[in-house]
Amino acid sequence: MAHIQLDSDSLEKETTTLNLGPTHPATHGVFQNVLEMDGERIVSAVSTIGYIHRAFEKIAEHRPYYQITPLTDRLNYCSSPINNFGWHLTVEKLLNIETPKRVDYMRIIIMELARISDHLICNGILGVDTGAFTGFLYLMQERENIYEIYEEICGARLTTNFGRVGGFERDFNDIAILKTKKFLATFPKIMKSFEELFNRNRIFIDRTVGVGAISAEKALNYGFTGPCLRATGIDYDVRTANPYSSYNEFDFEIPVGTNGDTYDRYMVRNEEIWQSLRLIEQALAKMEKEPKGIFHADVPAYYLPEKQDVYANMEALIYHFKIVMGEVDMPKGELYHAVEGGNGELGFYLISEGGRSPYRLHFRRPCFIIYQAFAEIAKGSLLSDAIVTMSSLNVIAGELDA
Amino acid sequence: MAIATENLIADLQSTFGTALSNFEEPYGLLTFQTNKDSIIPVLKYLNENETYRFRFLTDVCAVHYPTTKELAVVYHVQSMENNFRLRIKVFIPESNPKIPTATVLYESANWQERETYDFYGVIFEGHPNLVRILNVDDMVAFPMRKEHPLEDPNRIDKNDTYFGR
Amino acid sequence: MSEIKIVSAPEGIEGAGFFATRLDKVVGLARSHSLWPLPFATSCCGIEFMATMGSHYDFARFGSERPSFSPRQADLLMVMGTIAKKMGPVLKQVYLQMAEPRWVIAVGACASSGGIFDTYSVMQGIDEIIPVDVYVPGCPPRPEAIIDGFNRIQDLVKSESMRRRNSPEYQALMTNYGIK
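Keep in mind that this is a model prediction, so the values were computed, not measured.

Caption draft 1: Structural view of the overall build of chain A. Scanning chain A from N- to C-terminus turns up 17 helices and six strands. Here the C-alpha atoms of chain A give a radius of gyration of 22 Å, agreeing with the 21 Å that 2.2 N^0.38 yields for 402 residues. Viewed in the frame of its principal axes, chain A has a C-alpha envelope of about 85 × 45 × 35 Å. Once local pairs closer than 6 in sequence are excluded, the contacts in chain A between residues at least 24 apart make up 69%.

Caption draft 2: Looking closely at the overall build of chain B. If you tally the helices and strands in chain B, you get three helices and seven strands. In chain B, the order of α-helices and β-strands from amino to carboxyl end is α-β-β-α-β-β-β-β-α-β. Taking the principal axes of the C-alpha coordinates as reference, chain B spans close to 60 × 35 × 30 Å. Counting over 165 residues, chain B shows a buried share of 35%. The long-range fraction of contacts in chain B, counting pairs at least 24 apart against all pairs at least 6 apart in sequence, stands at 49%.

Caption draft 3: Molecular detail of the interface of chain C and chain B. Contact with chain C, which involves seven residues of that partner, is made by seven residues of chain B. For the side of chain C that touches chain B, the per-class residue count stands at one nonpolar, three polar and three charged.

Caption draft 4: Examining the sheet that holds strand E3 (residues 37-41) of chain C more closely. All names here are of chain C. Pairing within the open sheet is parallel, and its four strands lie in the order E3-E4-E5-E6. Strand pairing shows two members of the sheet lacking a second neighbour, E3 and strand E6 (134-136), which therefore form its edges. Ignoring which end each strand starts from, the neighbouring axes of this sheet average 15° apart. The sheet contact formed by E3 and strand E4 (residues 76-80) spans five bridges and is parallel.

Caption draft 5: Representation of the interface of chain C and chain A. On the chain A side, the residues contacting the 27 residues of chain C number 26 residues. With five residues, the single largest contributor to the side of chain C that touches chain A is helix H2 (residues 44-53) of chain C. Taken together, the residues of the side of chain C that touches chain A sort by class into 16 nonpolar, eight polar and three charged.

Caption draft 6: How the structure looks around the sheet that holds strand E2 (residues 32-38) of chain A. Residues and elements named next belong to chain A. Here three strands make up an open sheet; going across it, the order is E1-E2-E3 and the pairing antiparallel. In this open sheet, the two strands that pair with only one neighbour each are strand E1 (16-20) and strand E3 (41-48). Averaged over all pairs of adjacent strands, the angle between their axes in this sheet comes to 25°, without regard to strand direction. Both E2 and E3 contribute to a ladder of seven bridges, which runs antiparallel. If you follow Met37 over to E3, its bridge partner there is Ile42.

Caption draft 7: Up close: the packing of helix H3 (residues 80-95) of chain A against helix H4 (residues 101-129) of chain A. All names here are of chain A. Between H3 and H4, the least distance of the axes is 7 Å, while the angle of their chain directions is 140°. Classified by the angle their axes make, H3 and H4 are oblique. Residues Ser80, Pro81, Ile82 and Phe85 of H3 form the contact with H4, whose own contacting residues are Arg107, Ile110, Met111, Ala114 and Arg115. For the contact of H3 with H4, the class distribution of residues is six nonpolar, one polar and two charged.

Caption draft 8: Molecular detail of the nonpolar core. Ranked by internal contacts, the top residues of the largest apolar core, which has 195 residues, are Leu77(C), Val79(C), Ile105(C) and Val107(C). Ranked by residues supplied to this core, first place goes to H4(A) with 14 residues. Setting aside residues no more than four positions away along its own chain, Val79(C) makes contact with Phe40(C), Leu91(C), Val104(C), Ala106(C), Val107(C), Ala111(C) and Ile126(C).

Caption draft 9: Local environment of the pairing of strand E6 (residues 360-364) of chain A. Residue and element names in this part refer to chain A. A large share of E6 lies buried, amounting to five of its five residues. Because side chains alternate across E6, one face comprises the buried residues Arg360, His362 and Arg364, and the other comprises Leu361 and Phe363, equally buried. Sheet analysis places strand E5 (residues 344-353) next to E6, joined by five bridges and oriented antiparallel. Of the residues in E6, the one forming a bridge with Ile351 is Arg360. Between E5 and E6, which pair antiparallel in sequence order, lie six residues; one of them, Gly354, sits at a positive phi of approximately 90°.

Caption draft 10: Structural view of the pairing of strand E3 (residues 56-65) of chain B. Residue and element names in this part refer to chain B. The buried fraction of E3 is high, at nine of ten residues. Relative to strand E4 (residues 70-79), E3 runs antiparallel, the two being bridged by nine bridges. The residue bridging Cys61 from the neighbouring strand is Val74, located in E4. Adjacent in sequence and paired antiparallel, E3 and E4 are bridged by four residues, among which Lys69 carries a positive phi angle near 55°.

Caption draft 11: Representation of helix H16 (residues 383-392) of chain A in the model. Of all ten residues that make up H16(A), eight are buried, and the element is covered over most of its length. With its phi angle positive at about 55°, Asn394(A) sits one or two positions after the end of H16(A).

Caption draft 12: Structural detail: unusual backbone geometry. Residue Pro101(C) is bonded to the preceding Glu100(C) through a cis peptide linkage, with omega at -10°. Along the chain, Pro101(C) falls in the loop between helix H3 (88-97) and strand E5 (103-107). The omega angle of the peptide bond from Cys139(C) to Pro140(C) is -10°, so this bond is cis rather than trans. Within the secondary structure, Pro140(C) is located in the loop between E6 and helix H5 (143-159). For Asn161(A), which is not a glycine, the phi torsion comes out positive at approximately 50°. You can see Asn161(A) is positioned in the loop between helix H5 (134-153) and helix H6 (174-198). Even without a glycine there, the phi angle at Tyr27(B) is positive, about 50°.

Caption draft 13: Summary view of the environment of Trp111(B). Looking at where Trp111(B) falls in the secondary structure, it is placed in helix H3 (residues 109-120). For the pair Trp111(B) and Leu130(B), spaced 19 residues apart in the sequence, the C-alpha separation amounts to 8.8 Å. Apart from the residues lying within four places of it in its own chain, the contact partners of Trp111(B) are Phe368(A), Gln372(A) and Ile133(B).

The rules behind the values
Residues numbered from 1 in each chain as written. Chains lettered and ligands numbered in written order. Predicted model: local features only at pLDDT ≥ 70, side-chain atom pairs only at ≥ 80, totals over all residues. Helix = DSSP H or I, 4+ residues; strand = E, 2+ residues; numbered from the N terminus. Rg over C-alpha atoms; globule rule 2.2 N^0.38 Å. Contact = placed C-beta atoms within 7 Å. Buried ≥ 20, exposed ≤ 12 C-beta atoms within 10 Å, placed from the backbone. Nonpolar A, V, L, I, M, F, W, Y, C, P; charged D, E, K, R; others polar. Pairing = 2+ DSSP bridges. Axes fitted to C-alpha atoms, helices over the stretch in contact; angles between N-to-C directions. Parallel < 35°, antiparallel > 145°, perpendicular 65-115°, else oblique. Core = buried A, V, L, I, M, F, W, Y, C linked by C-beta atoms within 7 Å.

What follows is the structure, encoded as structure tokens:
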């Protein structure tokens, strides 16, 4: 990118090139921006991505359906259960499996915890980028509590590989329910103290209001979804537009902003955390009304049987063998299923020709589509504003490059 | 207001006639096929029509069919006001994979078309900057095509006997 | 008695008001308890590193209070996450900019050996381009595992000679990688 000639009345005669390189403390992930600067102001920005391209879509064509779940973990790794369940919901749609209500409520609890976890990282890091480290420490401590809930149920902290086609691998035990209730009881206080640090903080408001604004029409044209779109005023949420996993039975609001600037994105994420807490409470209450012990649909051909049955029962052994070897009969079909990920509409476009692996699996990744707009948003702003904007768009490198 | 599927199909067929074909509804999502000369007029019609208002491009991707030597470029569009989704497929030959760009209508097609070019070699005519986006810049092959191997063929440290190949 | 273990002194001769030991032991002690890491976090392991830096696991108590993002001022390059072939030259450049003494820790399966991504676009382990001192397996490794890897680096730092860059093995290693 050559230097751009500036107007004759400017102090510099041409722009300086600044490389906001792939390794940089302020870019949360590996993407590069080559900026042309007129002093402190950005004249143009060229983004380069692909520094963590791991060829997920190619791998998916060579793996049986269950081995694709760990791949989906690593898309938006801050909220991996949502990706896992999105994939399982897609496969269930292909197979026309209907999950019992209790499974849906359990899924909602975990998905909303994942959403809270994702928004906590985004807002904590936004605080760090404006120079305020304390909020980040408060929130990371709360994320440890969420990790403990995941660990109790699936065994892993971050890349969870949660669940099975048709439900979960094990029921929520008493400790998990207790930890969730404890989280619901203790988290609001920490969230309030975080909000007290930032929401009316003079410095934070100066750094974020009016910064990185995008209008609703432009956002729609760029394909924005998720909190970045809701900050511009449009209340599109996949959970209400195309409800999945019984979201239509729940009572929650969709927070929207007005200007589409960084402050609005921050506030929308905070409000979504409060709405997620409401959803978890309602889901726990509904779950307790359902008959106990149901944690998966009755689809033995696609759901890995329990280990004690595998060692005792002939059918279970056969199903176990077939599923692990990937020799399950999958129907032919083509479908697109979307879930509301932490960052927007995460879509799975699956074409199955009946084999052990998908013929084509394409991930519609919200971060990839949102980040295109960064060059236009950053134009004309100061460098420090561009950093804060990039941080509030919540670009996760795993989802960007896939 | 909602869109009735039959009305939409009838309207599209009367406007575009034989350019559209293969109307089907797999898993509840209306899908049809068109050719590369009609795709932009179809998208434009769906976008500008006041009843339909398909103003959101959800996804652009491609699929490789080596048996018929074709690439299918698949567009997913949706109308948020009517809560209606649509899938449009365009089949183009492998030997001449050219198709007009959708960036004239939707900005979100920009990087998605670059990704499709990077993976499949589909050339979007009129694209402002059709270069590779995810793979290394000096790559020559198109990795998502079925004939391209998954693993790096130049590895010398992997012993295939251990992997049962 | 407190449960906290404090660092034990190296072997030496102690007397009234003096402690005599070998210089490289003192230097090793000082270096190992003030390593400034460069968190080269690319993907999921980076999030586990952020959890390690948080107050629950508190990485800073080992002396890494100041993670440096500039390679010129860092001692320890912590590569956390998948390194794609596109990122390889960037990683090599960052390593070359580090001043001696420098150590490298490969955190996670992807940095150690490519992890689950055996594809055309992922480098199968960063030891294809830079020499690695400690590998921490896991996908992602728990914060306790990352801290354990860091402790192994501390052991290495304590026991190395002061100027390992002059030793013939080190020179051979560097020429192997094409680093001058």
